[in-house]
Amino acid sequence: MAVNYKDSGVDVEEGYNAVNEYKVHAKRTRIPGLLSDLGSFNGMFEIPKGLKNPVMVSGTDGVGTKLDIAFQMGKYDTVGIDCVAMSVNDILCSGVQTSFFLDYVACGKLDAKVAGELVKGVADGCVDTGCALLGGETAEMPGFYDEGKYDLAGFGVGVGEKEKMITGQKIEAGDILIGLSSTGCHSNGYSLVRKLVSDFSEDFNGKKIGEVLLTPTRIYVRPVMDVLNVFGESIHGMVHITGGGFYENVPRMYAKGKNLVSVIKKDSWEKPAIFNELIRRGADSEGVWGTFNMGIGFILAVKASDADAIIARFNEKADSFQTEPYTKAGAAPLKAYKIGHVEKAEKDLGEDLKGSHEATKLV
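Anyway, here's the lowdown on the structure attached to this text. (Residues numbered from 1 in each chain as written. Predicted model: local features only at pLDDT ≥ 70, side-chain atom pairs only at ≥ 80, totals over all residues. Heavy atoms only, no water.)

**Some details on the nonpolar core**
Right, on to step 1. Leu180, Ile235, Phe246 and Ile299 are the most contacted members of the largest nonpolar core, which totals 96 residues.
Right, on to step 2. If near-sequence neighbours (up to four positions away) are discounted, Ile299 is found in contact with Leu177, Ile178, Gly179, Gly237, Met238, Val239, Ile241, Phe246, Val250, Ile264 and Ile339.
Right, on to step 3. Judged by nonpolar contacts, the second largest core, of seven residues, contains Phe45, Leu102, Leu134 and Val157. (Core = buried A, V, L, I, M, F, W, Y, C linked by side-chain atoms within 4.5 Å. Buried < 20%, exposed > 50% of the residue type's maximum accessible area, 1.4 Å probe, protein only. Contact = heavy atoms within 4.5 Å.)

**Some words on the pattern of salt bridges**
Oppositely charged side chains can pair when the atoms bearing their charge come close.
Right, on to step 1. Within this structure, the stated rule accounts for 17 salt bridges.
Right, on to step 2. A salt bridge links Lys149 to Asp68; the shortest N-O distance between them is 3.9 Å. With Lys149 in the loop between strand E3 (132-140) and strand E4 (150-161) and Asp68 in helix H2 (residues 66-73), the pair connects residues that are 81 residues apart, well separated along the chain.
Right, on to step 3. Taking the relative accessible area as the measure of exposure, Lys149 reaches 32% and is therefore partly exposed.
Right, on to step 4. With a shortest N-O distance of 2.8 Å, Asp124 and Lys120 are connected by a salt bridge. Of this pair, Asp124 and Lys120 both sit in helix H4 (residues 112-129), four residues apart, roughly one helical turn.
Right, on to step 5. Members of the salt-bridge network, linked through shared partners, are Glu202, Glu277, Arg280 and Arg281. (Salt bridge = Lys/Arg side-chain N within 4 Å of Asp/Glu carboxyl O. Helix = DSSP H or I, 4+ residues; strand = E, 2+ residues; numbered from the N terminus.)

**Digging into helix H7 (residues 221-231)**
Right, on to step 1. With eight of its 11 residues buried, H7 lies for the most part within the structure.
Right, on to step 2. Those residues of H7 that sit buried are Val221, Pro223, Val224, Met225, Asp226, Val227, Leu228 and Phe231.
Right, on to step 3. Looking at the packing, one finds that the buried side of H7 touches helix H3 (79-92), H4, strand E5 (176-181), strand E8 (235-240), strand E10 (296-302) and helix H10 (307-317).

Here's what the structure looks like:
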């Protein structure tokens, strides 16, 4: 008896259905510069006109084990936002807005409706960012992934003017550190979260704790680009607080040879309640600073004389940058805080400062 592809576990028809679901969501992300439609072998995007020395900036990431909570909760429509956020926030650290994004969905057995919900979240993230969903790939691999389990990853590309790139070279002692609020754990530290929380249906402040943990990662692109357009010369460096927390990420904004120290006041912002809950459940109260964002998902090093005005602009315009998925998830609008400053190091710290407790002082 002849064996066909479906007999091996791959349903081509369900794949066609999934692509039809994707196309509906991708249409919402069309922006100038997009030269192709979803479904081609590749995607084409035109480099914006008027750039003298265009530089392409890219970033890639996945959602990680946060996906397991989505599977257990049966809620798939927001983790796509996380997928976009993790890449576009990284790209933003160079002062560049992402132009287009591509995703990769892998599973053991494809369900077009579930895959469609995942890509809906990706499209929501692209709309928030102001970038196009240029294309992607769906891989059905029976026997490789457990049935009902999906992996989700992606990458983005932006184009900026070389002379306007933020490299960290301008950061100097006396600069003020401005922290932008996170929506919770974002997409990092979930292996620890899952060790501490076994029942995601437990009540936490009137909601299921799993719902709180699925709050999507905040996308900082539009508010930060708004501030860059007004205070560009005063923004000396930027950092996305992702895996590795403060110690791993904050030193990454410094150019080599700067030999500077970030001094951050741990009590200078309001922390989402989920972090204290994780500490209550057993997370190390000091170790969390090297694991989670602790309520600050993005940091800017800025010229001291403009710090108050920059903070004021962030906070005055915060409501206009809040989109429906975040409101629906119960996330408060963005808030900016003065969280610390930059000092000259008392000794040579070397070039690789990632993870250094000397380069990032939490007081």
